Amino acid sequence: MTVHLEVADGVGTIRLDRPPMNALDIATQDRLRELAEEAGRRDDIRAVVLWGGEKVFAAGADIKEMQAMDHAAMIVRAKALQDSFTAVARIPKPVVAALTGYALGGGCELALCADFRIAAENAKLGQPEILLGLIPGAGGTQRLARLVGPSKAKDLIFTGRHVKADEALAIGLVDRVVPAEEVRAQAHDWAARLASGPALALRAAKESVDAGLETDIETGLTVERNWFAGLFATEDREIGMRSFVEDGPGKAKFL
């Protein structure tokens, strides 16, 4: 298998494993969707890390495989390609991408599906599809613009240039830059900390933010209001408020 799912401390690590560059061929895309859906269902997984290994996150699509596809074939495949990445974006739990080396094309688009991105000092990110006479096809034109703004997104998409970790941090493409040897540990620590939190409230927070970005503010406020009220029916809310009243803030132990 080119993608694996490992679980420890309530954290599911989705590991890309297709040496040497973790090129995202069709089999890898389909496996990624399967494991993202599994991670979303499993009760023993409360947060997720996306990891490509110590040398590279993912250098993009398998160009040789794509070169052999004609227009008709890609019409059939393009939706499945997007669906595999959307499955990651819709995992109803906190997701952090741990980025080492290259995160280009589909690799960058996969990182964009995470809620938080920790990059190694040696990381390079970009959307170089324009250099192939193409545009990003796995969500890059949409998620990148929502994350860094349309002007910065167009700069990266129009030129196909790579950005180093420090520039990626400056434009908001990544959230933290650390030494390469610390990337996986910091990503796991971030995920593990959230894995001990209130699962339904975290799901509500993620879905409210994500849904709000895709609609007008009134609809977004309705989503927020419904989730906010609904959480009053949960045990996590009872635990959190009781702990606050009896022990003070930040001491609740959620189930």
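Residues take numbers from 1 onward in each chain, read along the sequence in its written order. With the structure being a predicted model, the display of local features is reserved for residues of pLDDT at least 70 and the display and counting of side-chain atom pairs for 80 or more, all residues being used for whole-chain, interface and lining totals. Hydrogen atoms and water are omitted, and side-chain values are computed over all heavy atoms in the structure.

Colleague: So what about the overall build of the protein chain? Which residues, and what values?
Modeller: Across its full length, the protein chain carries 11 helices and 9 strands. Computed over its C-alpha atoms, the radius of gyration of the protein chain comes to 19 Å, within 12% of the 18 Å expected for a compact globule of 255 residues. Here the C-alpha coordinates of the protein chain stretch approximately 60 × 40 × 35 Å along the principal axes. Within the protein chain, the fraction of its 255 residues that count as buried is 42%. Note on conventions: DSSP H or I runs of at least 4 residues are helices, E runs of at least 2 residues are strands, and numbering of each starts at the N terminus. Using C-alpha atoms as the atom set, the radius of gyration is obtained and then compared with a globule rule of 2.2 Å times the number of residues to the power 0.38. Each residue's exposure class comes from its accessible area (1.4 Å probe, protein chains only) as a fraction of the maximum for that residue type: buried when under 20%, exposed when over 50%, partly exposed otherwise.

Colleague: Describe unusual backbone geometry, with residues and values.
Modeller: Following Pro-19, the chain continues into Pro-20 via a peptide bond in cis, with omega recorded as 5°. Its place among the elements puts Pro-20 in the loop between strand 2 (11-16) and helix 1 (26-41). The phi dihedral of Asp-9 is positive, around 60°, even though this residue is not glycine. Structurally, Asp-9 can be placed in the loop between strand 1 (3-8) and strand 2. We classify Asp-9 as exposed; its relative accessible area is 61%. A positive phi angle, near 55°, is found at Asn-22, a position not held by glycine.

Colleague: How would you summarise the sheet that holds strand 2 if you had to cite specific residues and measurements?
Modeller: What makes two strands pair is DSSP finding at least two bridges between them. Strand order in the open sheet formed by 6 strands is 1-2-3-4-6-9, and the pairing between neighbours is mixed. Two strands lie at the open edges of the sheet, namely strand 1 and strand 9 (176-178), each paired on one side alone. Across the sheet, the axes of successive neighbouring strands diverge by a mean angle of 20°, strand direction being ignored. Sheet topology note: the strand 6 (residues 116-120)/strand 9 ladder contains 3 bridges and is parallel. Pairing of Ala-119 across the sheet is with Val-177, part of strand 9. Against the sheet, helix 8 (residues 183-195) makes contact with strand 1, strand 2, strand 3 (47-51), strand 4 (95-99), strand 6 and strand 9, and its axis sits at roughly 165° relative to strand 3, the strand it touches most. With axes taken as lines fitted to C-alpha atoms, and helix axes fitted only over the stretch in contact, angles between N-to-C directions fall between 0 and 180 degrees. The contact criterion used throughout is that any non-hydrogen atoms of two residues lie within 4.5 Å.

Colleague: Can you break down the nonpolar core residue by residue, with the values?
Modeller: What is meant by a nonpolar core is a set of buried Ala, Val, Leu, Ile, Met, Phe, Trp, Tyr and Cys residues, joined one to another through side-chain atoms within 4.5 Å. Ranked by internal contacts, the top residues of the largest apolar core, which has 45 residues, are Leu-50, Leu-99, Leu-125 and Leu-173. It is helix 3 (residues 71-89) that contributes the most residues to this core, 5 residues altogether. Among all residues touching Leu-99, those that are not within four sequence positions of it are Phe-57, Ala-111, Arg-117, Ile-118, Ala-119, Ala-120, Ala-123, Leu-125, Val-174 and Val-183.

Colleague: Describe a nonpolar patch on the surface, with residues and values.
Modeller: Only residues whose relative accessible area exceeds 30% and that form no salt bridge are eligible for patches; like-charged ones are grouped when within 9 Å, while nonpolar side chains (Val, Leu, Ile, Met, Phe, Trp, Tyr) are grouped when within 5 Å. Residue burial considers only the protein chains on display, and all accessible areas are found by Shrake-Rupley using a 1.4 Å probe. Salt-bridge detection follows one rule: a side-chain nitrogen of Lys or Arg within 4 Å of a carboxyl oxygen of Asp or Glu. A cluster of nonpolar side chains, contributed by Ile-63, Leu-132 and Leu-134, occupies part of the molecular surface with about 260 Å² of accessible area. With respect to the secondary-structure elements, Leu-134 resides in the loop between strand 7 (124-126) and helix 5 (140-148).

Colleague: Before we move on, can you summarise the side chain of Thr-234 with the specific residues and values?
Modeller: Along the chain, Thr-234 turns up in the loop between helix 10 (217-230) and helix 11 (235-247). On the basis of relative accessibility, which here comes to 12%, the residue Thr-234 falls in the buried class. Polar contact is defined as a pair of N or O atoms within 3.5 Å, subject to the rule that within protein one atom must be able to donate a hydrogen and the other to accept it, and that residues adjacent in sequence are counted only when both atoms are side-chain atoms. Here the side chain of Thr-234 touches Leu-231 through a polar contact of 2.7 Å, landing on its backbone oxygen.

Colleague: Would you mind going over helix 10 in detail, with residue names and values included?
Modeller: In a regular helix each residue adds 1.5 Å, so 14 residues correspond to 20 Å; helix 10 covers 20 Å between its end C-alpha atoms and thus fits that length. If you check the start of helix 10, you find a side-chain oxygen 3.1 Å away from the backbone N of Glu-218, and it comes from Asp-216. Between the first and last residue of a helix there are one fewer steps than residues, each counted as 1.5 Å, and that sum is the expected span.

Read these as geometric descriptors, not functional statements.
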